[in-house]
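# Commentary on secondary and tertiary structure
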Amino acid sequence: MKDNFNRDIDYLRISVIDRCNLRCIYCMPEEGISNLLPHHEILTYEEILKIIEIGIDLGIKKIRITGGEPLLRKGIVSFIEKLAGIEQIRDIGITTNGVLLKKFAKDLYNAGLKRVNVSLDSLDADKFKAITRIGSIYEVLDGIEEAYRVGLQPVKINVVVMKGINDDEIEKFALWSKDVEYQIRFIEFMPIGPNAWKKELFLSKDEIKAKIENKVGNLITVQMKKAGPAEYFMLEGAKGLLGFISPITTHICVRCNRLRLTAEGKLRPCLFSDKEVDLKQLLRSGASEEEIKALIIKTIHLKPQSLSERAKPLRPMSTIGG
Ligand code: SAM
Ligand code: SF4
């Protein structure tokens, strides 16, 4: 359905869990999130499926499963299988930190998942550990290779760029795209969550692109049918693509087509706003489908037009479902 600014809202991003097996410096405190949801507060798969069913009536066609770390949730493969069986859903994606991907890639593929996004902010083992605090890069690289090997296509690699932390690896990531058929996407660091973001850490898309063009080579524009908020390029002769997602310096709001559902059943109209509506309470109070539909419609109408109306969200990304 259309929102108040004539944008077609057809994409639902669903956080299925608030827990994570990493502690990325920009997303979680070192000790983890103190107020984790008790299990009964997390939407069951049946509840999520019900919301999706109602969403489909309103035009939802694309689903992304995220978290926290979605591969930590028990039963994730059979949940994906159920989603893949819904005819009206044209596209299902998952965003994972890749730690458990080697174990799950084949089962996810067999369950009907077509593609995967993996977060990887460094290609250096020590730096990867420093950014994630507890992660092993080798597990993630093995997971990425396995995803590609079993046929998940495309494999997208998400790199959040932070000045003085991993911006010295931009060239290395760009060169990697020559050898691998992945879509490596540089993402502007967003001021989300309680504390980690600082202006000094921010690097814009233009600065990232300039580093690549100055040190690695020309970026050739690649037109993609379904690029979402990303712009794509490639280096001459490269197997893979380079993408740029610039929520801070580009007006991506004009093309925003999404809603977000948090693990505890709050529906959020915008990543950059703390507005949310409680779908779980309504679901569990025995509300009718029409009442639930009306609340989803109300949330769609809460979508702000653009950046100027955005506020810095207080929830960390792990609880919003990035
Ligand atoms: N745990 C999974 C993962 O890391 O891919 C899924 C959830 S994570 C919150 C989703 C994505 O949000 C990751 O790619 C992560 O790098 C990104 N992210 C988290 N905080 C961010 C921030 N402040 N700015 C930009 N991206 C962020
Ligand atoms: Fe976990 Fe993903 Fe947040 Fe890192 S970005 S702490 S992997 S939820």
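Every value quoted in this text rests on a predicted model; they were computed, and no experiment measured them.

## Observations concerning the site of ligand 2
Neighbouring ligand 2 are the residues C20, L22, C24, C27, M28, G68, N97 and S318. When its residues are assigned to classes, the shell around ligand 2 shows five nonpolar, three polar and no charged.

## Digging into empty space enclosed by the protein
One pass over the structure, following the stated rule, counts two cavities of 30 Å³ or more. If you go around the largest cavity, the residues you meet are L22, C24, Y26, N97, S119, L120, D121, F128, I131 and T132. When residues of the lining of the largest cavity are assigned to their parent elements, the largest contribution, three residues, is made by helix α4 (residues 125–132). Classifying every residue of the lining of the largest cavity by side-chain character gives six nonpolar, three polar and one charged. Looking at the second largest cavity, its volume works out to about 40 Å³. Lining the second largest cavity, in full, are L12, I51, G55, I60, L259, L267 and I296. Looking at the lining of the second largest cavity residue by residue, the classes come out as six nonpolar, one polar and no charged.

## Comments concerning the site of ligand 1
Taken together, 17 residues sit near ligand 1, with Y26, G68, T96, S119 and M190 positioned nearest. With respect to ligand 1, the backbone of G68 contributes an N or O atom lying 2.9 Å from a nitrogen atom. M190 is positioned such that a nitrogen or oxygen atom in its backbone is 2.8 Å from a nitrogen atom of ligand 1. Protein burial of ligand 1: of its 540 Å² of free accessible surface, 95% is covered by the chains. Breaking the shell around ligand 1 down by element, the ones donating at least two residues are β3 (91–96), β5 (155–161) and α10 (317–320). When the residues that make up the shell around ligand 1 are grouped by side-chain class, the tally is five nonpolar, ten polar and two charged.

Here is what the cut-offs are and how they apply
Residues numbered from 1 in each chain as written. Chains lettered and ligands numbered in written order. Predicted model: local features only at pLDDT ≥ 70, side-chain atom pairs only at ≥ 80, totals over all residues. Heavy atoms only, no water. Near = heavy atom within 4 Å. Nonpolar A, V, L, I, M, F, W, Y, C, P; charged D, E, K, R; others polar. 1 Å grid on protein atoms, 1.4 Å probe; cavity = no way out; pocket = protein on both sides within 12 Å on 5 of 7 lines; lining within 4 Å. Points joined across faces, edges and corners; volume = space filled by probe spheres on them. Helix = DSSP H or I, 4+ residues; strand = E, 2+ residues; numbered from the N terminus. Polar contact = N/O pair within 3.5 Å; in protein donor to acceptor, adjacent residues only side chain to side chain. Areas by Shrake-Rupley, 256 points an atom, 1.4 Å probe, with all protein chains shown as cover.

These figures capture arrangement, not role.
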